[in-house]
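# A closer look at the structure
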Amino acid sequence: MQSIVIVGGGAGGLELATRLGRAKLNVTLIDRERTHLWKPLLHEVATGTLDDGVDALSYRAHCAGVGIRFHLGQVNGMDRERRELLLAPMLGVHGEEVLHARRVAYDTLVWAVGAHSNDFGIQGVREHCHSLDSSAQAQAFHLELLNRFLHLQEEGHDDERVTVAIVGAGATGVELAAELFNAAEMLTHYGVERAGRKGLRVVLVEAAERVLPALPEVMSQRAQNVLEALGVELHLNTAVQQVQANGVMTKEGVLLPADLIVWAAGIQAPSFLARLGLPVNRINQLEVEADLRVKGEEAVYALGDCACLREAPTAATPAGRLVPPRAQAAHQMAKFLAQVLIERARHPSPVRAIKPFAYHDHGSLVSLADYQTLGSVMDDVMHGRFLIEGRMARAAYLSLYRQHQLTLHGPWRTALMMLASGMNQWIRPSIKLY
Ligand SMILES: Cc1cc2nc3c(=O)[nH]c(=O)nc-3n(C[C@H](O)[C@H](O)[C@H](O)COP(=O)(O)OP(=O)(O)OC[C@H]3O[C@@H](n4cnc5c(N)ncnc54)[C@H](O)[C@@H]3O)c2cc1C
């Protein structure tokens, strides 16, 4: 049977691998991490309101369960003539080589390596900023945040606070800002009384004129109201010129001091994609056709954040709409591509015509911790005019994750997981304290 290799087991790649595995296709998944955590949860890992150790899924166990092979490793190139992927050597904790550089052969290849935050070449971002692109990064931020609060508790002056600057007021920045206050309040119940709203200062810096610039304006306004009520210091229309160890320097030359800085402004796909000889755009995303095949390729596909798909023009969008880098797009692409690849495996020739991928924008949801959830739903038809908030929005927000769990685990295991997560709220501390 033809082998399908998927590189990247994130929101889209793992769903695709699972669907193909259940259809009994010959599938190999490669990821550089040992465990999977749905990326939109990372800001909760960063604040400690979600424990990666409890919620992460082992790739090896999951793949064994759905009948697919798993390779742990970082892909850094491909041999297009021989149809082989190149994996970097895997190093152990002391830098020793655990696995040599390897090659993995494929008949059909799917790139699903996602994207990471874009530093736009701004000086100091790499050295001084945290980003939330992986569990390890989110956990590193969490530990430093705890240490800062510990220092405040034990040795802080009376007027001292922990200051976190977040650059980028998109969904990640806005959600993180609110979640930080939630986490700081929770810490007061565990002997860190100097935390809480009074012990935390959050500075949110955004180059655009409003928070959530990519979402409907009314949502921005509501989110801004919640953030201001929490005490978040907003710096809108503020571009960052440089990041220093002690804060963020704006284009106007004003230093915004901070103890911790999070970079959450824009995304780019991994740079090695631009060296494969495949067509990419200016942020390294692979250019794909409407059936998610990489342009000019017969058997190489891409989905999710690492794919650039411009939909066919319509009267409303004459230039054609770019599918946004979102979990719901990765989910829809994985579902579509699973159908395509299953169809091709069952009817290899003649190849039947495929209806192009169509992205359905079901709306955008933003969770401001326990303080508020906002959403614009049915954006396809309502164009951002149908807003929901509170419990209804919270339920819709959680349903995105449930959908992911359902695809991976099916209804029974998802129900058991929900039960376990409910029980954990009683058994475990409400925030990770280590
Ligand atoms: C903090 C945060 C909050 C977000 N909130 C939302 C939200 O509320 N709603 C929403 O729709 N979207 C949200 N997003 C965006 C969403 O997470 C992404 O759009 C989605 O995860 C993209 O899925 P993907 O499968 O393309 O990539 P990812 O989920 O990023 O997965 C990529 C996978 O590839 C692996 N990988 C990368 N490079 C290599 C390599 N060289 N070799 C091997 N493996 C590799 C990674 O380990 C990872 O497992 C959020 C993102 C972040 C960071």
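Residues numbered from 1 in each chain as written. Predicted model: local features only at pLDDT ≥ 70, side-chain atom pairs only at ≥ 80, totals over all residues. Heavy atoms only, no water.

## A look at the sheet that holds strand 11 (residues 108–111)
For the record, the criterion: Two strands qualify as a pair provided that DSSP identifies no fewer than 2 bridges between them. A run of H or I in DSSP counts as a helix once it spans at least four residues, and a run of E counts as a strand once it spans at least two, with each numbered from the N terminus. Axis lines are fitted through C-alpha atoms, for helices just across the contact stretch, and the angle between N-to-C directions can take any value from 0 to 180 degrees. Residues count as neighbours in contact if any of their non-hydrogen atoms are within 4.5 Å of one another.
Strands sit in the order 5-2-1-11-22 across an open sheet of 5 strands; the sheet is parallel. The open sheet has two free edges, formed respectively by strand 5 (69–72) and strand 22 (300–302), since each of these has just one partner strand. Direction aside, the axes of adjacent strands within the sheet are offset by 20 degrees on average. Judged from the 4 bridges that link them, strand 2 (residues 26–31) and strand 5 form a sheet pairing that is parallel. Within the sheet, the bridge partner assigned to I30 lies in strand 5 and is H71. Taken strand by strand, helix 4 (residues 59–66) contacts strand 2 and strand 5, and its axis lies near 160 degrees from that of strand 5. Its contacts with the sheet place helix 10 (residues 327–346) against strand 1 (3–7), strand 11 and strand 22, and it is angled at close to 160 degrees to strand 22.

## Comments concerning the site of the ligand
Basically, it comes down to this: Neighbouring residues are identified by heavy atoms, a residue being near a molecule or strand if any of them is within 4 Å of it. Whenever a nitrogen or oxygen atom comes within 3.5 Å of another N or O atom, the pair is scored as a polar contact, on the condition that within protein one atom can donate a hydrogen and the other can accept it, and that pairs from neighbouring residues in sequence are kept only if both atoms are in side chains. Accessible surface is estimated by sampling points in the Shrake-Rupley manner with a 1.4 Å probe; for residues, cover comes only from the protein chains shown. By the convention adopted, Pro, Cys, Tyr, Trp, Phe, Met, Ile, Leu, Val and Ala count as nonpolar, Lys, Arg, Asp and Glu as charged, and the other residues, Gly among them, as polar.
Taken together, 28 residues surround the ligand, and among them G12, D31, V75, D305 and A327 come closest. In the environment of the ligand, a nitrogen atom lies 3.3 Å from a nitrogen or oxygen atom belonging to the backbone of R32. In this structure, K39 approaches the ligand through a side-chain N or O atom, which is 3.3 Å from an oxygen atom. Expressed as a share of its isolated accessible area of 1,000 Å², the protein-covered part of the ligand is 91%. With 3 residues, helix 10 is the single largest residue contributor to the shell around the ligand. Considered class by class, the residues forming the shell around the ligand number 11 nonpolar, 11 polar and 6 charged.

## Brief notes about a nonpolar patch on the surface
We count it as follows: Nonpolar side chains (Val, Leu, Ile, Met, Phe, Trp, Tyr) within 5 Å and like charges within 9 Å form the patches, drawn only from residues with over 30% relative accessible area and no salt bridge. For salt bridges, the criterion is a side-chain nitrogen of Lys or Arg within 4 Å of an Asp or Glu carboxyl oxygen. The buried label goes to any residue with under 20% of its type's maximum accessible area, the exposed label to any with over 50%, and the partly exposed label to all in between, with areas taken from a 1.4 Å probe on protein chains only.
Among the surface-exposed residues, L416, L419, M423, W426 and I427 lie close enough to one another that they form a single nonpolar patch of about 670 Å² accessible area. Mapped onto the elements of the fold, L419 is located in helix 12 (residues 391–427). L419 sits in the exposed class, given a relative accessible area of 52%.

## Section: the sheet that holds strand 15 (residues 233–235)
The parallel open sheet is built from 4 strands, whose spatial order is 15-14-13-19. Since the sheet does not close on itself, it has two edges, and those belong to strand 15 and strand 19 (260–263), each with one partner. The average undirected angle you get between the axes of adjacent strands in this sheet is 15 degrees. With 4 bridges joining them, strand 13 (residues 162–167) and strand 19 adopt parallel strand pairing. Counted as the bridge partner of A165 is I261 from strand 19. Across the sheet, helix 6 (residues 135–155) is in contact with strand 13, strand 14 (200–205) and strand 19; its angle to strand 13 comes to roughly 150 degrees.

## Some points on the side chain of T250
Of note, T250 is situated in strand 17 (residues 247–250). Excluding residues that lie within four positions of it along the chain, T250 makes contacts with T238, A239, V240, Q241 and L256.

## Some points on the packing of helix 1 (residues 13–22) against helix 4
Rule in force here: The scheme is simple: roughly parallel for angles under 35 degrees, roughly antiparallel for over 145, roughly perpendicular for 65 to 115, oblique for anything else.
Viewed as axis vectors pointing N to C, helix 1 and helix 4 meet at an angle of 30 degrees, and their least axial separation amounts to 9 Å. In this view, helix 1 runs roughly parallel relative to helix 4, as classed from their interaxial angle. Residues L14, T18, G21 and R22 of helix 1 pack against Y59, H62 and V66 of helix 4.

## What about helix 9 (residues 217–230)?
Put simply, the rule is: What a helix is expected to span follows from its residue count: subtract one and scale by 1.5 Å.
In this model helix 9 runs 20 Å from its N-terminal to its C-terminal C-alpha over 14 residues, within 8% of the 20 Å that 1.5 Å per residue would give. Taken from the residues just after helix 9, G231 is the one with a positive phi, measuring 105 degrees.

## Looking at the side chain of T407
Following the sequence through the fold, T407 ends up in helix 12. Excluding residues within four positions of it along the chain, T407 makes contact with E15, T18, R19, R22 and H331.

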